[in-house]
Amino acid sequence: NKSFDGRKRMGSLNLEALLVFLMFTACVPRSNHPFIEEGQANHTEVLEYLNDVLRSDPDNQKALYQKAKIQADQEEWQSALVTIDRALKIDFANNDYFFLKGKIMAALQYYNESVKAFQRSEVLGNSSHELYKHLSRSYLELGEPKLSREVVNRLLKLDNGDEAHVLAAETLLALSDSSEAIRQFNKALKRNEENKKALTGLKNIYLSQGMVTEAESLLDQLLSIEGDRQDLLLDKIDLLALQDQLDTAKYLLGQMLEYDSSKLVVSKMAELHYQLANFDSTLFYLSKMDTIKETNLLFLQARALDKSRSFTLAEAVYERIVASDSTNEIALNELATLRGKMSYLQRKARERATLDSVRNTPPPVLNRREIVN
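Calculation rules
- Residues numbered from 1 in each chain as written.
- Predicted model: local features only at pLDDT ≥ 70, side-chain atom pairs only at ≥ 80, totals over all residues.
- Heavy atoms only, no water.
- Helix = DSSP H or I, 4+ residues; strand = E, 2+ residues; numbered from the N terminus.
- Buried < 20%, exposed > 50% of the residue type's maximum accessible area, 1.4 Å probe, protein only.
- Contact = heavy atoms within 4.5 Å.
- Areas by Shrake-Rupley, 256 points an atom, 1.4 Å probe, with all protein chains shown as cover.
- Expected span 1.5 Å × (residues − 1).
- Core = buried A, V, L, I, M, F, W, Y, C linked by side-chain atoms within 4.5 Å.
- Salt bridge = Lys/Arg side-chain N within 4 Å of Asp/Glu carboxyl O.
- Polar contact = N/O pair within 3.5 Å; in protein donor to acceptor, adjacent residues only side chain to side chain.
- pLDDT = per-residue confidence, 0-100.
- Axes fitted to C-alpha atoms, helices over the stretch in contact; angles between N-to-C directions.
- Parallel < 35°, antiparallel > 145°, perpendicular 65-115°, else oblique.
- Left-handed = near helix turned anticlockwise from the far one by under 90°.
- Nonpolar A, V, L, I, M, F, W, Y, C, P; charged D, E, K, R; others polar.
- Phe/Tyr/Trp six-rings, centres within 6.5 Å; stacked < 30°, edge-to-face > 60°.

Below, the discussion takes up the overall build of the protein. Looking only at helices and strands, the protein has 20 helices and 0 strands in total. Burial statistics for the protein: of 373 residues in total, 40% are counted as buried. Counting contacts in the protein only where the partners sit at least 6 residues apart, residues at least 24 apart contribute 44% of the total. Of the roughly 22,100 Å² that the protein leaves accessible, carbon and sulfur atoms contribute 49%.

Now the structure itself:
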């Protein structure tokens, strides 16, 4: 058995050699090592080997660390946590172990614990870009942007790359310093003009400031990098609509509909037709959805029915919104306005009916007496 023979040959190697090999195979395109095939490390086989090592040597901390790394790569976070904790019980002074535990805790959204692990890793000698990046993000998740900024300042002294400046910008945004965030995003783009995080961050700032042209330019750069991303295409359509280029937006969305008939895209088409005052088309696209539960779409349906003079149907939709949220002031106000309009039109219809009745009823015949001389 070829696989068995390979594993047997590996058994003759010590763990130290295996771990060194695993580090280098990530950097080279080809390996003749019998344990790992060309261009890839087979995690399943490596885990089998590590488990064999641990069965004979349960306290082998290096095997535990490598196993935890593989489990983290496979996003088996709970298993990775159990494994790295076993390694830390054996060696409580290894900064690599604490760094890995910090990443695992962050992935599990235990940010207080991730901060503690990253801090311990730093105390033990880790001053890498990756450490400060992860520590800063954990502080941001905890709602501690000032502490995050302190970490970023330490990071920028070590690393002047684009990702460091993106992280600095994100931290500054959390501190509501958009001017400095713009400066940091631009620094990132000078180092890497295709940094998607920097382009996205700048786009969002410009949009929030009403700088639509600048935001669209950045969005176009993102589309040139990832032109098939649905969210970017929909953002482009939204920006066109924001600039009253509704027909162009509708054309692009129509092309998108040819290969994507998801509820999101169909509802966007319904909204565009409403903006174009094509109320029948709005209702047509809304009818293509099996069920409409979202409040924003129910509002769209009720308003389109109102504009189409289907008042009774519009009233029923407003009543659905109010039934699910009796405190929705917008729905209550629009329903009251609709009912007032319906009452007025009914009164006018009765008045017209009365007038028509009078007009269509002939006057009574006069009974004239014959005049006798």
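When the terminal C-alpha atoms of helix H11 (residues 178–191) are compared, their 20 Å separation across 14 residues agrees well with the 20 Å that a helix rising 1.5 Å per residue should span. When we look at burial in H11, the residues that qualify are Glu180, Ala181, Ile182, Gln184, Phe185, Ala188 and Leu189. Structurally, H11 contributes buried residues whose contacts are with helix H9 (145–158), helix H10 (162–174) and helix H12 (196–208).

Next up on the list: the environment of glutamine 230. Here glutamine 230 is to be found in helix H14 (residues 230–242). The spacing of glutamine 230 and methionine 256 is 26 residues in sequence and 8.7 Å in space, taken between C-alpha atoms. Not counting residues within four places of it along the chain, the set of residues in contact with glutamine 230 comprises Met256, Asp260, Ser262, Leu264 and Val265.

The biggest cluster of nonpolar side chains holds 36 residues, and the ones touching the most others in it are Ile237, Leu253, Leu272, Leu286 and Tyr318. Those elements that provide at least two residues to this core are H14, helix H15 (246–257), helix H16 (263–275), helix H17 (279–287), helix H18 (295–307), helix H19 (311–324) and helix H20 (329–360). The dominant element in this core, judged by the number of residues it contributes, is H18, at 7 residues. Dropping the residues within four chain positions of it, isoleucine 237 is found in contact with Ala249, Leu252, Leu253, Met256 and Leu272. In this structure, Leu54, Ala72, Ala87 and Leu100 belong to the second largest nonpolar core, which totals 23 residues.

A word on the environment of leucine 207. Along the polypeptide, leucine 207 turns up in helix H12. For leucine 207 and leucine 239, which are 32 residues apart along the polypeptide, the C-alpha to C-alpha distance reads 9.2 Å. Residues contacting leucine 207, with those up to four places away along its chain left out, are Ala215 and Leu239.

Going through the model one piece at a time under the given rule, you end up with 20 salt bridges. Where lysine 236 meets aspartate 220, a salt bridge forms, and the shortest distance between an N and an O atom there is 2.9 Å. Here lysine 236, found in helix H14, pairs with aspartate 220, found in helix H13 (residues 212–225); they are 16 residues apart in sequence, far enough to count as distant. A relative accessible area of 34% places aspartate 220 in the partly exposed class. The closest approach of N and O atoms between glutamate 334 and arginine 303, which form a salt bridge, is 2.6 Å. One end of the pair, glutamate 334, is in helix H20; the other, arginine 303, is in helix H18, with 31 residues separating them in the sequence. The class of arginine 303 is partly exposed, set by a relative accessible area of 28%. Connected via shared salt-bridge partners are Lys196, Glu226, Arg229 and Asp231.

Let us now look at the side chain of glutamate 315. Mapped onto the secondary structure, glutamate 315 falls in helix H19. In terms of polar contacts, glutamate 315 uses its side chain to reach the side chain of arginine 339, at 2.9 Å.

To continue, consider the confidence of the model for the protein. In this model, the protein carries a mean pLDDT of 85, and residues with pLDDT of at least 70 account for 86%. In the model, residues 1–14 has pLDDT below 50 throughout and makes 13 contacts with residues more than four positions away in sequence or in other chains. Under a pLDDT of 50 for its full length, residues 20–40 has, in the predicted model, 23 contacts with residues more than four places off or in other chains.

To continue, consider the packing of H10 against H12. For the pair H10 and H12, interaxial distance at closest approach is 10 Å and the crossing angle is 25°. The angle between H10 and H12 falls in the class roughly parallel. In the crossing of H10 with H12, the sense of the turn from one axis to the other is left-handed. For the pair H10 and H12, the contacting residues are Glu163, Val166, Glu170 and Leu173 in the first and Lys197, Ala198 and Ile205 in the second. Of the residues contributing to the contact of H10 with H12, the split by class is 4 nonpolar, no polar and 3 charged.

With that settled, the discussion passes to the packing of aromatic side chains. Scanning the entire structure with this criterion turns up 6 aromatic pairs. With a centroid separation of 5.1 Å and an interplanar angle of 80°, the aromatic rings of phenylalanine 92 and phenylalanine 98 are classed as edge-to-face. With relative accessibility at 53%, the residue phenylalanine 92 sits in the exposed group. Plain terms: the ring middles of phenylalanine 99 and phenylalanine 118 are 5.8 Å apart, the flat faces sit at 50° to each other, and that makes the pair tilted. One end of the pair, phenylalanine 99, is in helix H6 (residues 95–107); the other, phenylalanine 118, is in helix H7 (residues 111–123), and 19 residues separate them in sequence. Classification of phenylalanine 99 by relative accessible area gives buried; the value is 13%.

It is worth spelling out the packing of helix H8 (residues 129–141) against H9 at this point. At a minimum axis separation of 8 Å, H8 and H9 run at an interaxial angle of 165°. Put simply, H8 runs roughly antiparallel to H9. In this structure, H8 crosses over H9, and the sense of that crossing is left-handed. Contact residues: His129, Tyr132, Leu135, Ser136, Tyr139 and Leu140 in H8; Pro145, Leu147, Ser148, Val151, Val152, Arg154, Leu155 and Leu158 in H9. Of the residues assigned to the contact of H8 with H9, the class counts are 10 nonpolar, 3 polar and 1 charged.

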